Amino acid sequence: MNGLFSELFISSLVSGGVIAGIPLIYAGLGEAISERAGVLNVGLEGMMLGGAYGGFVGALHFQSTWFGLMCGGLTGMVISLLMVVLCVRLNSNQIVVGIAITLGAEGVTALLHGAIYGDSYPRVPTAHPYAIPLLSEIPIIGPGFFNHHVSAYFAVACVFFVSWVLKSTGIGLSIKAAGDQPHALEAAGGGVHRTRTIAVLSTGLLAGLGGAFIVLVGAGLFVPFVTNGKGFIAIVLAMLVRGRVKWIIVASVLFGMSLSLTTALQLAGVDVPIDLVLMLPFVLIIVVLFAFGRRSYLPAALALPYDREQR
Amino acid sequence: MSAPHDGTTVALAEHKSQTESRLERVSRSMTNALIPVVGAFIIGGLLLAVLGRNPFAFYGNVIDHGLIGSLGRQETLIRMAPLLLIAAGLMIAFPAGIWNLGTDGQYVMGGVIVAALGPELAPHVSGFVLFTILFIAGFVVAAIWSLIPAILKAWYGINEIISTLMLTFIGLRFSAFLVKEYFYDRETTVPQTRVLAVADRLPRMFSSRVHIGLIVGLVAVIAVHFVMRNTAFGLRLRIVGMNPKAAIHAGMNMKVLTLAIFTLSAGFAGLAAAVNISGVDGVVRAEWNPAVGLLVVPLVFLARFHAASVIVFIAAFAVFKVGGESASRKADIPNFMVLFMVGLLLIFMALGEYMQLRSSRKHQS
């Protein structure tokens, strides 16, 4: 066990934790917006997967990580349009539509990838890291935290931006009202449907970015089902932070570390059954649900469709 | 959290039904169910066309290999057995307002134990006794596995959608761990359990490969239908699903009922695995994940929890699953068409629900 506290183990755990945590930050942030507005987005996994594939195709086509990320975000947004039409406008059951989006996205991305790239398995252009001066020179943990592709820092910036929007702007207030008191929002002259539409589209954009990050910065290539449950983990993280969106960053990196533990353990030469290690993040989610689930703050009108005709 | 049953839709549908003849009602519910299916086929066909494959040839091959060819038809009937049992479990959970989305994990956990137990027991007991033990083992293991989300839900109010989905991920890894560490066959190089000898498997019917698991599945679906609609217990579960507050007011023990719903629903998923392993598979490999549980979800909804419709939809799905494998191979695309189509099916189902609600509102005003 002497390998467990070695420099190599800690730095690979930190670095892997950030790489695996950034997609959770993007997606969890998106889900937090959506949940605040009263829409429980179970389709997050599907939107991430769509973004992962869109980002992959975009990056291959333009030979650029940044264009790839943009394509990924757009793909996520297009998929979330389905949720807008069905759940916000037509008041369909949010859970059924969410599962539909996840299953459909799993199927269509795997099909397209297999039919188009199944023989070649191409890799996307390398995403070059940018080392933040000084901070990245901190021994052991410095490179792990502060030497990543710029889109990783962008995720953190997004969290602060959204946190500011929710706290200090009119649209932020509308979003919170759409989740807690939709009728009051409508009475005050705001639009519940319009607000929720904006919220769901932002969720799609952020989930798409998160999925694209997995492929473009993390894995370097697309494989079917590449998100592997990260969307569901992000849903729980969003529930967990209870509206204090900045905590998404901490929670995501911690979960990212548990996701990247296998690699770190292998590097440290510790022999633990791989399946148990891969199980860990999901066990953690259950433990977290158990420990904090009862206190988790959820908007009053979450998962309830808003119908003007019914009061 | 809104229950799977859309209260208003059901109430309106029942209100309407009084003015309709039985025949009209049946034909209307058939059209309502068929529209999403047709929609899914059209969009699926468009995707095939985009990929440069001929959709008509693809669907033709599906029917050829899943229904018309004798080998394919037998395979379809074999596949139906576990699907019917999973559906039977969902026919308990969904009307009772419990989103058991963890049937895949429950299936695999039950299956691993059955696969490990089978070859150990086979030399000592055989036939009816062996199968009874294996069926009970599969049922009980999956039921115990589902106690985790059940207790979280009943005592701590934790939403079961996330917990059951997460437990599928855990169950898949945990069963792989069990196979690799404890249940592996020392005589093979790939990590897998010992094989249940063909002679020790479920008896076959009509001098074909189809085993009696199909009967078990059919009986289960019909029995669940009967219990849910014609017994006090079934009525209780449906009240819990439609109006939990009313259930509490009526003095029902919600905690016990929640546990019952989870364990019964998961138990059927475990039984499904037991039937499939003692019927055809005979073995479980590490990393084994049939991933059919989530795909059964829309079928059960489309069938509105009605036994006859469930059987029809499961049969059609099995045809598509078996035929789709051959058709995908011929079209040189990976075998994910079914997954995509099930997603489409759910989306069109949501659309259909909206149309129905709108038309019944028009009728009212």
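The coordinates are above.
Residues numbered from 1 in each chain as written. Chains lettered and ligands numbered in written order. Predicted model: local features only at pLDDT ≥ 70, side-chain atom pairs only at ≥ 80, totals over all residues. Heavy atoms only, no water.

Trainee: So what's going on with the overall build of chain A? Which residues, and what values?
Mentor: On a plain count of helices and strands, chain A comes out with 13 helices and two strands. A compact globule built from 311 residues would reach a C-alpha radius of gyration of about 19 Å, and chain A, at 19 Å, matches this within 12%. Seen through its principal axes, chain A has C-alpha atoms that stretch 65 × 45 × 40 Å. Across the 311 residues of chain A, 60% fall into the buried class. If you take every contact in chain A between residues at least 6 apart in sequence, the share linking residues at least 24 apart comes to 78%. Split by element, the accessible area of chain A, about 12300 Å² in all, is 68% carbon and sulfur. (Helix = DSSP H or I, 4+ residues; strand = E, 2+ residues; numbered from the N terminus. Rg over C-alpha atoms; globule rule 2.2 N^0.38 Å. Buried < 20%, exposed > 50% of the residue type's maximum accessible area, 1.4 Å probe, protein only. Contact = heavy atoms within 4.5 Å. Areas by Shrake-Rupley, 256 points an atom, 1.4 Å probe, with all protein chains shown as cover.)

Trainee: So, the state of the cysteines: which residues are in play, and what are the values?
Mentor: Going through the model one piece at a time under the given rule, you end up with zero disulfides over all chains. Looking at the unpaired C71 of chain A, the closest cysteine sulfur is the one in C158 of chain A, lying at 17 Å. (Disulfide = S-S within 2.5 Å.)

Trainee: Tell me about the nonpolar core, and name the residues and values.
Mentor: F58, F94, W99, L101, M166 and I314 of chain B are the most contacted members of the largest nonpolar core, which has 197 residues in total. For this core, the leading source of residues is helix α4 (residues 70–93) of chain B, giving 13 residues. Core analysis: the next-biggest nonpolar cluster, separate from the first, contains eleven residues, F9, V253, M257 and V270 of chain A among them. (Core = buried A, V, L, I, M, F, W, Y, C linked by side-chain atoms within 4.5 Å.)

Trainee: Account for the pattern of salt bridges, naming residues and giving values.
Mentor: Residues and elements named next belong to chain B. Inspection of the entire model under this criterion finds seven salt bridges over all chains. In this structure, the salt-bridge partner of R194 is E120, at a minimum N-O distance of 3.0 Å. Of the two residues, R194 sits in the loop between α8 (160–183) and α9 (213–230) while E120 sits in helix α5 (residues 103–121), which places them 74 residues apart along the sequence. On the basis of relative accessible area, R194 is assigned to the partly exposed category, the value being 38%. The class of E120 is partly exposed, set by a relative accessible area of 45%. One network of salt bridges, with partners in common, ties together E75, R79, R209 and E325. (Salt bridge = Lys/Arg side-chain N within 4 Å of Asp/Glu carboxyl O.)

Trainee: Can you break down the interface of chain B and chain A residue by residue, with the values?
Mentor: In this complex, chain B contributes 46 residues to the contact, which on the side of chain A involves 48 residues. Here chain B meets chain A over a buried area of about 4200 Å², counting both sides, of which 82% is carbon and sulfur. The largest per-residue losses of area from chain B upon contact with chain A belong to I162, M166 and R173 of chain B, which jointly make up 14% of the total buried on that side. Where chain B touches chain A, the interface holds two salt bridges. Measuring nitrogen to oxygen at the nearest pair gives 3.1 Å for the salt bridge that ties R173 of chain B to D275 of chain A. Between chain B and chain A we count two residue pairs in polar contact (both at pLDDT 80 or more) in total. At the level of elements, α7 (147–156), α8, α13 (293–302) and α15 (337–364) of chain B are the ones that each hand at least two residues to the side of chain B that touches chain A. A per-element tally of the side of chain B that touches chain A places α8 of chain B first, with 14 residues. Among the residues making up the side of chain B that touches chain A, the classes are represented as 36 nonpolar, four polar and six charged. (Buried area = accessible area lost by both parts, 1.4 Å probe. Polar contact = N/O pair within 3.5 Å; in protein donor to acceptor, adjacent residues only side chain to side chain. Nonpolar A, V, L, I, M, F, W, Y, C, P; charged D, E, K, R; others polar.)

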